[in-house]
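# Residue-level structure breakdown
Listed here are the chains, written in short residue letters.
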Amino acid sequence: MTGTDRLLEIPADQFSEAQAAAAEAFRAERGVPVFGPFVPLLRSPELMLCASRMGLYLRYGSALPLRISEFVILIVARLWSQQVEWQIHHPIALKAGVAPETAQALVEGRRPEAMSDDEALAYAFSTELQHNRAVSDATYASVVARFGEQGAIDLTGINGYYALLAMTMNVARTALPEAGAPPLPPLVR
């Protein structure tokens, strides 16, 4: 991405009534002020709150283990070349148990060689969904056998939710945080 941030943080004294209410609800639910992808989403306060609530469920309440959820978030961030999403979730994924070599393979745009069975399922499902806009019967059946139907839907939700955030930040040209993982190189397609 090039250029400057298109949708900078709105100063609180310039919030509309709906934005002020949404920012306060966000802070009450998450314990922090509006940040990252929610800064541009605040232009649509109700959408921001719905997205935030969906994100809370997908991160902390889904049928999938945190390691798999964070791995999928890295896959989506890489596929969308979303720098901020990668910066935020790379350290969380490593802490949750994603191997550094696995994350590095994603950085390089290649399929990780040494994945657990769960990671391989999540990778197949996510890359099929993102590239083909569908998932094969064999992959779907394997995911349902391992994670159940709820897990398959939650896996779909994580892919869609983080693609929404990636698209939002790519459109907004959301600036990278000061510190974090090295920026993603361009993905050659």
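Keep in mind the model is a prediction, meaning the values are calculated, not measured. (Residues numbered from 1 in each chain as written. Predicted model: local features only at pLDDT ≥ 70, side-chain atom pairs only at ≥ 80, totals over all residues. Heavy atoms only, no water.)

Time to look at the overall build of the protein chain. Helix and strand counts for the protein chain stand at eight helices and zero strands. Computed over its C-alpha atoms, the radius of gyration of the protein chain comes to 17 Å, within 12% of the 16 Å expected for a compact globule of 189 residues. Seen through its C-alpha atoms, the protein chain measures out along the principal axes to roughly 50 × 35 × 30 Å. Long-range contacts, defined as pairs at least 24 residues apart, comprise 69% of the intrachain contacts of the protein chain with a sequence gap of at least 6. Counting every atom, the protein chain has about 9600 Å² of accessible surface; 58% of that belongs to carbon and sulfur. Across the protein chain, 15 positive and 20 negative side-chain charges occur, with their mean positions spaced 4 Å apart. (Helix = DSSP H or I, 4+ residues; strand = E, 2+ residues; numbered from the N terminus. Rg over C-alpha atoms; globule rule 2.2 N^0.38 Å. Contact = heavy atoms within 4.5 Å. Areas by Shrake-Rupley, 256 points an atom, 1.4 Å probe, with all protein chains shown as cover. Lys, Arg positive; Asp, Glu negative; His and termini not counted. Charge placed at Lys NZ, Arg CZ, Asp CG, Glu CD.)

Ranked by internal contacts, the top residues of the largest apolar core, which has 46 residues, are Phe-38, Met-48, Phe-71 and Trp-86. Contributing elements (two or more residues each) for this core: helix 1 (17-30), helix 2 (38-41), helix 3 (45-60), helix 4 (66-79), helix 5 (83-96), helix 6 (100-107), helix 7 (117-132) and helix 8 (137-172). Discounting residues that sit within four places of it in the chain, Met-48 has contacts with Ala-22, Ala-23, Phe-26, Val-34, Phe-38, Leu-41 and Leu-42. (Core = buried A, V, L, I, M, F, W, Y, C linked by side-chain atoms within 4.5 Å. Buried < 20%, exposed > 50% of the residue type's maximum accessible area, 1.4 Å probe, protein only.)

We describe a pair of aromatic rings using the distance from one ring centre to the other and the angle between the two ring planes. Inspection of the entire model under this criterion finds four aromatic pairs. Considering the side-chain rings of Phe-26 and Phe-38, the 5.0 Å spacing of their centres and the 50° angle between planes classify their relative orientation as tilted. Taken together, the residues span a long stretch of sequence, with Phe-26 in helix 1 and Phe-38 in helix 2 at a distance of 12 residues. With respect to burial, Phe-26 and Phe-38 carry one shared label: buried. (Phe/Tyr/Trp six-rings, centres within 6.5 Å; stacked < 30°, edge-to-face > 60°.)

Attention shifts here to the packing of helix 3 against helix 8. At a closest axis distance of 10 Å, the pairing of helix 3 and helix 8 adopts a crossing angle of 135°. As the angle between them shows, helix 3 and helix 8 are arranged oblique. The element helix 3 and its partner helix 8 pack so that their crossing is left-handed. Residues Ala-51, Ser-52, Met-54, Gly-55, Tyr-57, Leu-58 and Arg-59 of helix 3 pack against Gln-150, Asp-154, Gly-157, Ile-158, Tyr-161 and Tyr-162 of helix 8. Here the contact of helix 3 with helix 8 is composed, by residue class, of seven nonpolar, four polar and two charged. (Axes fitted to C-alpha atoms, helices over the stretch in contact; angles between N-to-C directions. Parallel < 35°, antiparallel > 145°, perpendicular 65-115°, else oblique. Left-handed = near helix turned anticlockwise from the far one by under 90°. Nonpolar A, V, L, I, M, F, W, Y, C, P; charged D, E, K, R; others polar.)

Take the environment of Gly-61 next. Here Gly-61 lies in the loop between helix 3 and helix 4. Taking the C-alpha atoms as reference points, Gly-61 and Trp-86, separated by 25 residues in sequence, lie 21 Å from one another.

With that settled, the discussion passes to unusual backbone geometry. A positive phi is found at Arg-133, a non-glycine position, where the angle reads about 65°. With respect to the helices and strands, the residue Arg-133 is situated in the loop between helix 7 and helix 8.

Relative to the helices and strands, Glu-70 is located in helix 4. Residue Glu-70 is classed as buried on the basis of its relative accessible area, which comes to 0%. Residues contacting Glu-70, with those up to four places away along its chain left out, are Arg-59, His-89, Ile-92 and Ala-93.

Turning to the pattern of salt bridges, a few remarks are in order. Considering all chains together, one arrives at six salt bridges under this definition. Where Glu-113 meets Arg-110, a salt bridge forms, and the shortest distance between an N and an O atom there is 4.0 Å. Notably, a salt bridge pairs Asp-118 with Arg-146, separated by 2.7 Å at the nearest N-O pair. One end of the pair, Asp-118, is in helix 7; the other, Arg-146, is in helix 8, and 28 residues separate them in sequence. (Salt bridge = Lys/Arg side-chain N within 4 Å of Asp/Glu carboxyl O.)

What follows is about the packing of helix 7 against helix 8. Packed helices, taken two at a time, are described by the angle between their axes plus the distance between the axes. Close contact between helix 7 and helix 8 brings their axes to 10 Å; oriented N to C, the two are set at 55°. If you check the angle between helix 7 and helix 8, you find them oblique. Between helix 7 and helix 8 lies a crossing whose hand is right-handed. Contacts between helix 7 and helix 8 involve Asp-118, Leu-121, Ala-122, Ala-124, Phe-125, Ser-126, Glu-128, Leu-129 and Gln-130 from the former and Thr-139, Ser-142, Val-143, Arg-146, Phe-147, Ala-152, Leu-155, Thr-156, Asn-159 and Ala-163 from the latter. The residue makeup of the contact of helix 7 with helix 8, split by class, is 10 nonpolar, six polar and three charged.

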